[in-house]
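# Tertiary structure, described
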Amino acid sequence: MNNLNILVVDDKEENLFTMKQLLESEDLNVSVILAQSGLEALEKTLTIDFSLILLDVQMPEMNGYETAELLRGSKRTKFIPIIFVTANSREENNIFKGYESGAVDYLFKPINPIVLLSKIRVFIDLGLQKIELEDKTKILDQKIKELESLKSELEHKNIALEQLTMEDGLTSLGNRRCLDLTLDSEWQRGLRSKQPLSLVMIDIDHFKLYNDTYGHQEGDICLKRVASALKSTLKRQCDIVARYGGEEFIAVLPDTDLEGAVLVAERMRQAVDSLGISHSSSLTLDHVTVSLGVSTVIPVATSMSGFLIKAVDKALYKAKESGRNQVSIEKDVTVLS
């Protein structure tokens, strides 16, 4: 550990020499820096960190009290302990003036070496404790930074994990959990805004026959391509399409009336149709197509989003019954009141 620095300030060179000899003759492990005026003392504190200042009171131009007040006014030096060294009498007025200027103790000339060294050792111990505390603080700060870094990393991993729990592993669309949470959230938002909420349910036509003909591996590829086509038709960030199960998907369209939802559904139908994925076993066309159901409601507090799911499922059933590869709507949404 580096020696602690002590600043001795006195306008008489012989006093400085005597003090330096006394302090360095003892096993104090200190570095003694000398200054012959208050101004020189202030200059040295700009570049050197001191654990203690021994400050003579009677000095020309700037006395010890004035020097101490300037030291106390600086953020860098305001907490350095100052011991006044004075030949003044022990009158209370002088002592009070010293303490008001920032002194922590007094020494009276002629200096008693035993008293001086006993006082110096107290402040050396305090200085060492301060350094130890600063070192521990640095270590603690570093650990806090490491913990903050770990916390940030954990938060990012939790976000990634949350995304995984909301994502369908095959199609990369939202999964059933994502759909349920989104639908509940948009239902509540619709309650506040009194704006319509629309759903589009999509089913790949004759997908079981597709799997039977081309195998499940090709079936998975087909699901991915259809999912990508469906997602590509959504133009707003608030719209989502999620995998409902098997070959079924549902799009959630907030603030969208029935007419707007039908337009989105028709875009989806055309997007899948234009993929031209061969389907020789289809009973509709020679390529993969989809059937879509659409329903819209303005959410009310006495009802639940499940009624909208039932309505859009009913609309999808109509599309299938009517020949598939088309969009059907269901206006009769059961809403409790």
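The protein goes by diguanylate cyclase in an unreviewed UniProt entry, where it is assigned to Thiospirochaeta perfilievii. Quoted verbatim from the Catalytic activity (unreviewed entry) field of UniProt, the annotation for the protein is "2 GTP = 3',3'-c-di-GMP + 2 diphosphate".

## Concerning the overall build of the protein
Within the protein one finds 10 helices and 10 strands. In terms of overall dimensions, the protein has C-alpha extents of about 115 × 45 × 30 Å along its principal axes. Looking at the protein as a whole, 42% of its 337 residues are labelled buried. Placing the 39 positive and 51 negative side-chain charges of the protein at their respective mean positions leaves the two points 5 Å apart.

## Description of the packing of helix 7 (residues 207-214) against helix 8 (residues 216-232)
In the contact formed by helix 7 and helix 8, the axes pass within 7 Å of each other and the chain directions differ by 135°. Classified by the angle their axes make, helix 7 and helix 8 are oblique. Between helix 7 and helix 8, the contacting residues are Phe207, Tyr210, Asn211 and Tyr214 on the first element and His216, Glu218, Gly219, Cys222 and Leu223 on the second. Classifying every residue of the contact of helix 7 with helix 8 gives five nonpolar, three polar and one charged.

## Things to note about the UniProt feature "modified residue: 4-aspartylphosphate" (unreviewed entry) in the protein
What UniProt calls "modified residue: 4-aspartylphosphate" (unreviewed entry) maps, in this numbering, to Asp56. Of note, Asp56 is situated in strand 3 (residues 52-56). The class for Asp56 is buried, based on a relative accessible area of 1%. Not counting residues up to four positions away in its chain, the partners in contact with Asp56 are Val9, Asp10, Asp11, Gly64, Val85 and Lys109.

## Concerning the pairing of strand 7 (residues 240-245)
The side chains of a regular strand alternate, residue by residue, between the two faces of the sheet. When strand 7 meets strand 8 (residues 248-254), the two strands line up antiparallel, connected through five bridges. Opposite Gly245, over in strand 8, you have Glu248 as the bridge partner. Hairpin geometry of strand 7 and strand 8 is characterised by an intervening segment of two residues between the two adjacent antiparallel strands and by a positive phi of about 60° at Gly246.

## Digging into the packing of aromatic side chains
Under the definition given, this model contains three aromatic pairs. Aromatic side chains Tyr65 and Phe84 sit 5.2 Å apart centroid to centroid with 75° between the ring planes, which places their arrangement in the edge-to-face category. You can see Tyr65 sitting in helix 3 (residues 64-72) and its partner Phe84 sitting in strand 4 (residues 82-86), a full 19 residues away along the chain. Both residues of the pair, Tyr65 and Phe84, belong to the buried class. Measuring from ring centre to ring centre gives 4.6 Å for Tyr210 and Tyr214, while their planes differ by 40°; the resulting arrangement is tilted. Taken together, the residues Tyr210 and Tyr214, both in helix 7 and four residues apart, mark about one turn of the helix. Accessibility expressed as a relative area gives 4% for Tyr210, which makes it buried.

## Here's the deal with the side chain of Asp205
Along the polypeptide, Asp205 turns up in the loop between strand 6 (197-204) and helix 7. Among the polar contacts listed, one links the side chain of Asp205 to the side chain of Thr289, at a separation of 2.6 Å. For Asp205, the side chain forms a polar contact with the main-chain nitrogen of Val290, separated by 3.4 Å. When residues no more than four places from it in sequence are discounted, the contact partners of Asp205 are His279, Thr284, Thr289, Val290, Ser291, Arg324 and Asn325.

## Concerning the sheet that holds strand 10 (residues 327-329)
Ordered by their spatial adjacency, five strands build an open sheet running 7-8-6-9-10, and the pairing between neighbours is mixed. Lying at the two open borders of the sheet, with one neighbouring strand each, are strand 7 and strand 10. Taking the axes of each pair of neighbouring strands and ignoring which way they run, one obtains an average angle of 25° across the sheet. Pairing of strand 6 with strand 9 (residues 290-297) involves eight bridges; the strand directions are antiparallel. Residue pairing in the sheet places Ser198 in a bridge with Thr296 of strand 9. Along the sheet, helix 8 contacts strand 6, strand 7, strand 8 and strand 9; its crossing angle with strand 8, the most-contacted strand, is approximately 10°.

Definitions and cut-offs
- Residue numbers run consecutively from 1 along every chain, following the written order of its sequence.
- Reporting in this predicted model follows two pLDDT cut-offs: at least 70 for local features of residues, and 80 or more for side-chain atom pairs to be given and counted; totals over whole chains, interfaces and linings ignore these cut-offs and use all residues.
- As a convention, hydrogens and water are excluded, and side-chain values are obtained from all of the structure's heavy atoms.
- UniProt positions are given in the numbering used here, feature names are shortened, and annotations may be inferred rather than shown by experiment.
- Under the scheme used here, helices are H or I runs from DSSP no shorter than 4 residues and strands are E runs no shorter than 2 residues, and both carry numbers assigned from the N terminus.
- Each residue's exposure class comes from its accessible area (1.4 Å probe, protein chains only) as a fraction of the maximum for that residue type: buried when under 20%, exposed when over 50%, partly exposed otherwise.
- None of His or the chain ends enter the tally, which takes Lys and Arg as positive and Asp and Glu as negative.
- In plain terms, the charge of a residue is placed at NZ if it is Lys, CZ if Arg, CG if Asp and CD if Glu.
- Note on geometry: axes are C-alpha line fits, over the in-contact stretch for helices, and angles between N-to-C directions span 0 to 180 degrees.
- Should an angle fall under 35 degrees it is taken as roughly parallel, and over 145 as roughly antiparallel, whereas 65 to 115 is taken as roughly perpendicular and any remaining angle as oblique.
- Whether two residues are in contact is decided by their heavy atoms, any of which lying within 4.5 Å being enough.
- Polar here means any residue other than Ala, Val, Leu, Ile, Met, Phe, Trp, Tyr, Cys and Pro, which are nonpolar, and Asp, Glu, Lys and Arg, which are charged; Gly is therefore polar.
- Strand pairing requires that DSSP identify at least two bridges connecting the strands.
- Note on aromatic contacts: the rings of Phe and Tyr and the six-membered ring of Trp form a pair at centre separations within 6.5 Å, being stacked when their planes are under 30 degrees apart, edge-to-face when over 60 apart, and tilted otherwise.
- Any pair of N or O atoms that falls within 3.5 Å is considered a polar contact. Within protein, one atom must be able to donate a hydrogen and the other to accept it, and sequence-neighbouring residues count only if both atoms are side-chain atoms.

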